[in-house]
Amino acid sequence: TNVDEEDKAVFSDLDEDVRRKMEEACDLMLDQLDGKVGSGKSDEEGADETTVNGNVAVAEDEEVNSKEGIPVVNEQGELVSPAYSSSSVTDSVGTELTTALTDVAEIASDSSTAVATKKEKKKGRSVLFGATMGLAVAGWVYSGNIAFTALFTLMTALGQLEYYRMVMNAGIYPARRISVLGACATFVTALFAPDLHQIVLPVFSTWTMIWFLTMRRNITTISEIATTFTGMFYLGYIPSFWVRIRQLGADVVEPTRLKPLAKPLFERLGQNNLLSYLPKKIHYPITAGSNFIFWTWLCIAFSDVGGYFAGRKFGKTKLGAISPAAGKTSPNKTVEGVIGGCAFSLVLATLGAWIQKWPYWFVLGPIHGVTLALLGLVGDLTASMLKRDAGLKDFGDLIPEHGGIMDRVDSYIFTAPYGWLMCGYVIPALKKLAEARAAVGVVV
């Protein structure tokens, strides 16, 4: 029998699309297809002799009807498999294919519904968790210098452990204990001995090199030295400037435009009354520095929120279009998202500048907001660069659904020295300028 004629007889009514769909659905219908079109497969393979239950049946040499299959008989002439038409195979296969595809669609639909429900629940929990964290952070900022520094030091230690765990997974072994101790020392020194704050990093860097030279059996690598110094500088010295900002204006409480709203609370506490957990040198937990930190952190947080929503709604131009390295570091970020984050931060910073009675608030506020958004983006991309190089999605899982400590504070690192410069020098200088102009009768 001609093999091509047999193939044509069995599959004459099946097009390539149906055959392709059969292959895609084979995981669900393989057993059924093996049972129903087994004889058809034998014909397709072009075998002149077909084995059925150990008996051999020889096909006739006559031309096969294009619409009929071949009946199979054994040596005794008993009918083993009746003749079938290609249309019946097509109908059978089509029925099985339809059933399989329907099952797949139902499973996919159920799965999509479950995932969507899970995402909605997760989103609701994330919003609630974020709001709770916001209130907790606000209470922390206004808790006083001791509580503020203590919690910040604890967060630094945990963040450094996440960082060094990531480094060690890459096969690099830094002097992590010295680094953690040095980072914590920068916060303590910033609170109790601000004049010595700048000397902490050089002292612990020297101690690190002495330890590498005396305690290691092998030569220390450049990577081990660099990651040790990076831990102290990036996660210790730089963010410790928030502690110094917190102390600014501790001797003089400068009322803001929100004081009339909070006046009942002020009268209840009393400006000169001491809270039980504060040392005597701190007369009031609300300082010019704490107000500055509150509004600054609020701007940074909402720049992330604004960037996220602006990027999802309007994002078309990838960040890589203007900065290839930044685009590869965070492929999902867009230029529109960055602009949206700057806009959110600008509005809040301008509002905060007006409330805090900054001089030239209508100019200084917008500049402050945009600068915070951009520096926050630098911190975010820096953390993403570290994680991408280490092959990690998050630094840790300490905070539910938000990752580790480092995943939450990355935008607040490089904004600390800028905040110290702004709150400690720029704003006071502009205040003096405004007072001088007011003294000569120039309207500010």
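Summary of the structure given here. (Residues numbered from 1 in each chain as written. Predicted model: local features only at pLDDT ≥ 70, side-chain atom pairs only at ≥ 80, totals over all residues. Heavy atoms only, no water.)

1. Re the overall build of the protein chain
Along the protein chain, the regular secondary structure elements total 17 helices and 4 strands. Of the contacts formed within the protein chain by residues at least 6 apart in sequence, a portion of 71% connects residues at least 24 apart. Accessible surface for the protein chain amounts to roughly 25400 Å². Of this, 62% is attributable to carbon and sulfur atoms. (Helix = DSSP H or I, 4+ residues; strand = E, 2+ residues; numbered from the N terminus. Contact = heavy atoms within 4.5 Å. Areas by Shrake-Rupley, 256 points an atom, 1.4 Å probe, with all protein chains shown as cover.)

2. Describing empty space enclosed by the protein
Applying the stated criterion to the full structure yields 3 cavities of 30 Å³ or more. Roughly 40 Å³ of volume is contained in the largest cavity. Forming the walls of the largest cavity are Phe-292, Trp-295, Thr-296, Cys-299, Ala-349, Gly-352, Ala-353, Gln-356, Trp-358 and His-368. When contributions to the lining of the largest cavity are tallied by element, the ones reaching two or more residues are α12 (288-314) and α14 (335-355). Sorting elements by how many residues they give to the lining of the largest cavity places α12 first, with 4 residues. (1 Å grid on protein atoms, 1.4 Å probe; cavity = no way out; pocket = protein on both sides within 12 Å on 5 of 7 lines; lining within 4 Å. Points joined across faces, edges and corners; volume = space filled by probe spheres on them.)

3. Quick notes on the side chain of Thr-208
Counting through the fold element by element, Thr-208 comes out in helix α8 (residues 200-215). Residue Thr-208 is classed as buried on the basis of its relative accessible area, which comes to 0%. In contact with Thr-208, not counting residues within four places along its chain, are Ala-175, Ile-178, Thr-228, Phe-229 and Met-232. (Buried < 20%, exposed > 50% of the residue type's maximum accessible area, 1.4 Å probe, protein only.)

4. Considering the nonpolar core
Counting 41 residues, the largest nonpolar core has Phe-148, Phe-152, Trp-242, Ile-245, Phe-292, Ile-293 and Trp-297 as its most contacted members. Beyond its immediate chain neighbours, meaning those up to four positions away, Phe-292 contacts Ile-245, Gln-356, Trp-358, His-368, Gly-419, Met-422, Cys-423 and Ile-427. Residues Tyr-164, Ala-383, Phe-395 and Met-406 belong to the second largest nonpolar core, which totals 12 residues. (Core = buried A, V, L, I, M, F, W, Y, C linked by side-chain atoms within 4.5 Å.)

5. A few points about the packing of helix α7 (residues 176-192) against helix α9 (residues 222-237)
Where α7 meets α9, the axes come as close as 9 Å, and the angle between the chain directions of the two elements is 25°. As judged from the angle between their axes, α7 and α9 are roughly parallel. By crossing handedness, the relation of α7 to α9 is classed as right-handed. Only Thr-228, Gly-231, Met-232, Leu-235, Gly-236 and Tyr-237 of α9 make contact with α7, whose side of the interface consists of Ile-178, Ser-179, Gly-182, Ala-183, Thr-186 and Phe-187. Of the residues that constitute the contact of α7 with α9, the class distribution is 6 nonpolar, 6 polar and no charged. (Axes fitted to C-alpha atoms, helices over the stretch in contact; angles between N-to-C directions. Parallel < 35°, antiparallel > 145°, perpendicular 65-115°, else oblique. Left-handed = near helix turned anticlockwise from the far one by under 90°. Nonpolar A, V, L, I, M, F, W, Y, C, P; charged D, E, K, R; others polar.)

6. A few points about the packing of aromatic side chains
Taken as a whole, this structure holds 22 aromatic pairs when the rule is applied. Measuring from centroid to centroid gives 5.0 Å for Trp-140 and Phe-148, while their planes differ by 25°, and the two rings are stacked. For the pair Trp-140 and Phe-148, one class covers both residues: buried. Measuring from ring centre to ring centre gives 5.1 Å for Phe-152 and Phe-187, while their planes differ by 35°; the resulting arrangement is tilted. On the criterion of sequence distance, the pair formed by Phe-152 in helix α6 (residues 145-169) and Phe-187 in helix α7 is long-range, its members being 35 residues apart. Judged by relative accessible area, which is 0%, Phe-187 ranks as buried. Feature note: the residues Trp-140, Phe-148, Phe-152, Phe-187, Trp-242, Trp-297 and Tyr-412 constitute an aromatic cluster, connected by ring pairs. One residue, Arg-244, lies across the ring of Trp-420, its end atom 4.5 Å from the ring centre. (Phe/Tyr/Trp six-rings, centres within 6.5 Å; stacked < 30°, edge-to-face > 60°. Lys NZ or Arg CZ within 6 Å of the ring centre and 35° of its normal.)

7. A short note on the pattern of salt bridges
Summed over the entire model, instances satisfying the criterion amount to 4 salt bridges. The salt bridge partner of Asp-394 is Lys-393, with a shortest N-O separation of 3.9 Å. (Salt bridge = Lys/Arg side-chain N within 4 Å of Asp/Glu carboxyl O.)

8. Some details on unusual backbone geometry
Of note, the phi angle at Lys-357 is positive, near 60°, even though the residue is not glycine. For Lys-357, the location among the structural elements is in the loop between α14 and α15 (361-390). The phi dihedral of Tyr-360 falls on the positive side, at around 55°, and the residue is not glycine. Tyr-360 sits in the buried class, given a relative accessible area of 16%.

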